[in-house]
Amino acid sequence: MISGKFAITLHILSLLSREPEEFLSSEYLAGSMNINAVLVRKEIANLKKHNIVESREGKYGGTRLLKPAKDITLNDIFAMTFESVHLGYSKNNPNPACPVGLKINDRLDILYKDVNSSISKQLDKISLLEFTKEF
């Protein structure tokens, strides 16, 4: 299902791209999004796992980008936060005796694959640097 993870991660990376040499605190990042810093730290952990950011602890600690913003596409960010967009299926199993029920989930699978392919192609055209130019 679609959640706010992509938006949170993109917001974090947008802020970090504005100050690429600075370590920004999770409290500062959370303040920009008006969310709890725990949610920010959770997404930072995922970014660290993908070698996009580095963090350090202490009084002057925080997080900063490991890669230039021009080398990170929005599709890279999308892939780190979701494997795919999943719009869901009915809670009940469709009736296989019904012509629609028999094939609906197969047709939805094809539709979702096409949607994900379109999303990836579109997001792959936009770098983090391009996305943040308007800020």
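All figures in this text were calculated on a predicted structure; none of them were measured in a lab.

S.K.: With reference to specific residues and values, describe the packing of aromatic side chains.
M.R.: Throughout the structure, instances matching the rule amount to 3 aromatic pairs. Taking the centre distance of 5.9 Å and the plane angle of 70 degrees together, the rings of F6 and F78 count as edge-to-face. Of this pair, F6 sits in helix α1 (residues 5-18) while F78 sits in helix α4 (residues 74-81), placing them 72 residues apart in sequence. A single burial state applies to F6 and to F78, both of which are buried. Relative to Y112, the ring of Y89 has its centre 5.7 Å away and its plane inclined at 65 degrees; by these criteria the two rings are edge-to-face. Remark: Y112 occurs in helix α5 (residues 99-124) and Y89 occurs in the loop between α4 and α5; sequence separation between them is 23 residues. Of the residues examined, Y112 reaches a relative accessible area of 8% and is grouped as buried. Taking NZ or CZ as reference, R56 lies 3.9 Å from the ring centre of F23, over its face.

S.K.: So what's going on with the packing of α1 against helix α3 (residues 37-49)? Which residues, and what values?
M.R.: Packing of α1 against α3 leaves a shortest axis separation of 10 Å and a crossing angle of 80 degrees. Here α3 runs roughly perpendicular to α1, going by the angle between their axes. Each of K5, I8, T9, I12 and L13 in α1 lies in contact with α3, whose residues at this interface are V40, E43, I44 and L47.

Parameters at a glance
- Residues numbered from 1 in each chain as written.
- Predicted model: local features only at pLDDT ≥ 70, side-chain atom pairs only at ≥ 80, totals over all residues.
- Heavy atoms only, no water.
- Phe/Tyr/Trp six-rings, centres within 6.5 Å; stacked < 30°, edge-to-face > 60°.
- Helix = DSSP H or I, 4+ residues; strand = E, 2+ residues; numbered from the N terminus.
- Buried < 20%, exposed > 50% of the residue type's maximum accessible area, 1.4 Å probe, protein only.
- Lys NZ or Arg CZ within 6 Å of the ring centre and 35° of its normal.
- Axes fitted to C-alpha atoms, helices over the stretch in contact; angles between N-to-C directions.
- Parallel < 35°, antiparallel > 145°, perpendicular 65-115°, else oblique.
- Contact = heavy atoms within 4.5 Å.

None of this, on its own, says anything about what the molecule does.
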